[in-house]
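A closer look at the structure
Take a look at the letters that make up each chain.
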Amino acid sequence: MSEIGTALARELGPDRVAEDAATLTAHQVDYWILAHLRARQGRLDGPPACVVRPQSTAEVAAAVRIAQRHGVAIVPYGGGSGVLGGAVPPAGSLVIDTRAMHKLLELNDAALWVRVQAGMMGGVYEATLAEQGYTGGHFPQSIDLATIGGLVATRSAGQLSTRYGNIEDLCLGLEAVLASGDVVRVKAVPRSSTGPSLRELFLGSEGALGIVTEATLRIFPKAEHRAMETYAFPTMAAGLEAIRKIVRVGWRPAVVRLYDAVESARNFTDWAPADQCLLLVLSEGPRTLVDAEMAACAAACAGAVALGAKPVEHWLGHRNVVPSWDTFLDREMLVDTIEIAAGWDRIGGLYDAVVASLQGVPGLLVGSAHSSHSYPQGTNLYITFAMKPPDFADAEKHYLDAWGRVMRASLDAGGTIAHHHGIGRLRAEWLREELGTAYPLLLALKRALDPAGLMNPGTLVARG
Ligand SMILES: Cc1cc2nc3c(=O)[nH]c(=O)nc-3n(C[C@H](O)[C@H](O)[C@H](O)COP(=O)(O)OP(=O)(O)OC[C@H]3O[C@@H](n4cnc5c(N)ncnc54)[C@H](O)[C@@H]3O)c2cc1C
């Protein structure tokens with residue numbers, strides 16, 4: 001057993017610590033396709049030294065202190081569904097797998113919030129609430145693959161976010177273990193005016209500033225009523241304009257998803273007229289609100305062809321089905337998604353620029369997008385690209401080329417390089433330009449909270 005493994009086993013008990021090859025290999029990658037490609041090509045970093053599975057905050061704190069004493073890097077690992085390599089551990093590091101901390105600790109019906117341990121899986125969380133007549137309102141596509149702590153630590157967004165909000169709107173308070181091993185709690189209140197939000201420090205911190213051990217999240221009574229409709233638009237620009245009109249005046253349909261013509265044809269074959277962009281609308285809540293919201297959406301979509309509820313029902317039934325990366329890598333193909341966002345004044349141009357720019361990537365098979373999270377000020381673009389690089393040995397270069405083109409287009413349009421997947425390792429190099437004059441502030445925070453640089457080095461903040 002490694003030195004750190006031995007120390008952890010002594011303090012926490014041998015049942016909490018694993019160093020067998022299968023456990024180390026399982027924690028060597030997350031859902032980043034490049035990590036899987038590198039593993040196939042024998043270019044992945046060596047394995048972590050050890051995986052620890054704490055069952056309490058106190059055990060997380062003890063593990064962190066031991067890692068600090070041994071000078072070993074610490075990588076929090078939730079469900080491993082991150083798509084940017086954020087949980088891919090450096091060789092010889094300590095992986096803290098949070099999934100043994102999976103309890104719902106308190107449900108406060110009067111205040112409509114719950115306290116939950118960070119390692120509970122998203123799907124289990126939602127099912128537990130549903131049994132009691134509530135919803136958490138957070139439905140990332142990875143709901144069955146991700147933990148609550150991972151969803152907080154990556155600033156995630158759910159499929160119904162336009163009504164319920166993103167994780168930063170849902171998370172009212174939290175508990176985290178700092179690099180020193182100290183435990184901090186930010187209490188849950190509806191709102192406060194007590195200086196900068198310290199809760200926000202950990203939303204999107206990706207294990208680089210601390211380990212989230214508990215979250216207090218808003219919940220909602222289960223919706224009384226739900227209604228759906230689909231509209232076909234001749235162009236993305238026309239569909240985006242309809243969404244802008246809907247959200248601008250205060251409507252918040254839970255789902256407003258606009259697919260470009262390529263994705264409409266691919267995902268809604270039975271319904272999509274040729275070369276049309278489908279807009280899916282789903283409203284839920286009190287019946288009178290839903291009726292009014294659906295009428296307002298219909299008015300904003302005047303001129304588009306209404307196709308009925310079936311495409312939305314189809315999407316609801318298939319929305320979380322994802323093929324494994326192996327399906328593509330076996331065929332020497334790479335597929336990935338990139339989520340960016342910009343203001344309404346820029347988003348149409350950004351869509352055109354991204355799709356055009358991806359065409360220059362050697363071996364590109366498809367570059368398409370949809371918008372799925374909208375705000376009065378703007379919306380996101382969720383880009384999917386697939387490529388069969390001319391020379392598979394060089395696949396990484398072409399993959400990074402595709403990413404670079406989308407990052408560049410987004411920065412040039414004044415948009416953001418990341419809407420909801422976070423930064424991970426892949427985007428860390430781009431964060432300096434994204435944050436501009438605020439980047440030194442992030443570096444200062446990192447130095448203050450993690451002076452030895454052992455918290456998930458290379459994720460969020462690039463090395464060197
Ligand atoms: C098929 C698929 C669909 C997806 N759909 C969505 C989507 O709809 N919306 C969305 O926002 N994202 C989506 N994602 C991305 C991913 O699921 C989310 O980013 C999710 O939040 C990761 O949670 P996890 O528990 O799997 O975290 P991990 O992958 O284990 O870790 C992610 C990062 O957070 C850190 N981390 C994990 N737990 C903690 C903790 N307790 N404290 C501090 N840091 C921690 C890790 O070190 C790492 O840097 C999707 C991913 C996949 C594979």
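Anyway, here's the lowdown on the structure attached to this text. (Residues numbered from 1 in each chain as written. Predicted model: local features only at pLDDT ≥ 70, side-chain atom pairs only at ≥ 80, totals over all residues. Heavy atoms only, no water.)

1. Some points on the overall build of the chain
- Counting its regular elements, the chain contains 17 helices and 18 strands.
- Taking 23 Å as the expected radius of gyration for a compact globule of 464 residues, we find that the chain reaches 22 Å, a close match to that expectation.
- By its C-alpha atoms, the chain is 70 × 60 × 40 Å across when sized along the principal axes.
- Taken across its 464 residues, the chain has 57% of its residues classed as buried.
- Considering only intrachain contacts with a sequence separation of at least 6, the fraction spanning at least 24 residues in the chain is 72%.
- Accessible area for the chain stands at about 18600 Å²; split by element, carbon and sulfur atoms hold 55% of it. (Helix = DSSP H or I, 4+ residues; strand = E, 2+ residues; numbered from the N terminus. Rg over C-alpha atoms; globule rule 2.2 N^0.38 Å. Buried < 20%, exposed > 50% of the residue type's maximum accessible area, 1.4 Å probe, protein only. Contact = heavy atoms within 4.5 Å. Areas by Shrake-Rupley, 256 points an atom, 1.4 Å probe, with all protein chains shown as cover.)

2. Section: the site of the ligand
- Close to the ligand lie 36 residues; Pro76, Ser81, Gly82, Ser142 and Thr147 are nearest.
- Take glycine 80: an N or O atom from its main chain is 2.9 Å from an oxygen atom of the ligand.
- One of the side-chain nitrogen or oxygen atoms of serine 142 is found 2.7 Å away from an oxygen atom of the ligand.
- Out of a free accessible area of 970 Å², the ligand has 97% covered by protein chains.
- Considering each element in turn, the shell around the ligand owes the most residues, four residues, to helix α6 (residues 148–153).
- Of the residues contributing to the shell around the ligand, the split by class is 15 nonpolar, 20 polar and one charged. (Near = heavy atom within 4 Å. Polar contact = N/O pair within 3.5 Å; in protein donor to acceptor, adjacent residues only side chain to side chain. Nonpolar A, V, L, I, M, F, W, Y, C, P; charged D, E, K, R; others polar.)

3. Description of the sheet that holds strand β4 (residues 94–97)
- Within the open sheet, the four strands sit side by side as β1-β2-β4-β3. Their pairing is mixed. Two strands lie at the open edges of the sheet, namely β1 (17–18) and β3 (74–77), each paired on one side alone.
- With respect to the sheet, helix α1 (residues 3–12) is in contact with β1, β2 (50–52) and β4, its orientation differing from that of β2 by roughly 20 degrees.
- Across the face of the sheet, helix α4 (residues 57–70) comes into contact with β2, β3 and β4 while running at roughly 175 degrees to β4. (Pairing = 2+ DSSP bridges. Axes fitted to C-alpha atoms, helices over the stretch in contact; angles between N-to-C directions.)

4. Structural notes on helix α3 (residues 33–40)
- What α3 keeps buried is the set Ile33, Leu34, Ala35 and Leu37.
- Residues of α3 that are buried sit in contact with α13 (325–329), β16 (334–343) and α15 (395–412).
- Immediately downstream of α3, the backbone of glycine 42 shows phi near 70 degrees, a positive value.

5. Focus: the packing of aromatic side chains
- For the structure shown, the criterion picks out four aromatic pairs.
- Where tyrosine 164 meets phenylalanine 220, the ring centres are 4.7 Å apart and the plane angle is 65 degrees; that geometry is what we call edge-to-face. Linking tyrosine 164 in helix α7 (residues 161–164) with phenylalanine 220 in strand β11 (residues 220–221), this pair joins segments that are 56 residues apart in sequence. Comparing tyrosine 164 with phenylalanine 220, the two get one shared label, buried. (Phe/Tyr/Trp six-rings, centres within 6.5 Å; stacked < 30°, edge-to-face > 60°.)

6. A few points about the side chain of arginine 427
- Mapping arginine 427 onto the fold places it in the loop between α15 and α16 (428–435).
- Overall, arginine 427 belongs to the buried group, its relative accessible area being 0%.
- Within the local environment of arginine 427, its side chain forms a polar contact with the side chain of glutamate 339, the two groups lying 2.8 Å apart.
- With residues up to four places along the chain from it excluded, the contact list for arginine 427 reads Leu84, Ile338, Glu339, Trp403, Met407, Ile417, Ala418, His421 and Gly422.

7. Quick notes on the pairing of strand β13 (residues 255–259)
- Taking burial as the measure, the five residues of β13 include five buried ones, the bulk of the element.
- The pairing of β13 with strand β14 (residues 277–285) spans four bridges and is antiparallel. Looking at β14, one finds that leucine 258 is bridged to leucine 279.
- Taken together, the two bridges between β13 and strand β17 (residues 364–371) define a ladder with antiparallel strand orientation. Bridging across to β17, leucine 258 finds its partner in serine 371.

8. Focus on the pairing of strand β9 (residues 183–186)
- In terms of strand pairing, strand β8 (residues 171–177) meets β9 through four bridges, oriented antiparallel. In the strand pairing of β9, leucine 174 is matched with valine 186.

9. Examining the nonpolar core
- In this structure, Ile340, Leu350, Leu358, Ile383, Phe385 and Tyr399 are the most contacted members of the largest nonpolar core, which totals 75 residues.
- The residues contacting isoleucine 383, other than those within four sequence positions of it, are Asp336, Thr337, Ile338, Ile340, Val354, Leu358, Ser368, Ala369 and Val406.
- Grouped together as the second largest cluster of nonpolar side chains are 25 residues, Ala63, Ile74, Ile96 and Val177 included. (Core = buried A, V, L, I, M, F, W, Y, C linked by side-chain atoms within 4.5 Å.)

10. Quick look at the pattern of salt bridges
- Counting across every chain of the model gives 25 salt bridges.
- Here glutamate 284 makes a salt bridge to arginine 226, at a shortest N to O gap of 2.8 Å. One end of the pair, glutamate 284, is in strand β14; the other, arginine 226, is in strand β12 (residues 225–233), with 58 residues separating them in the sequence.
- Taking relative accessible area as the criterion, glutamate 284 reaches 6% and is therefore assigned buried.
- Its relative accessible area of 38% is what places arginine 226 among the partly exposed residues.
- Look at the salt bridges and you will find they share partners, linking Glu106, Arg115, Glu175, Arg185 and Glu214 into a network. (Salt bridge = Lys/Arg side-chain N within 4 Å of Asp/Glu carboxyl O.)

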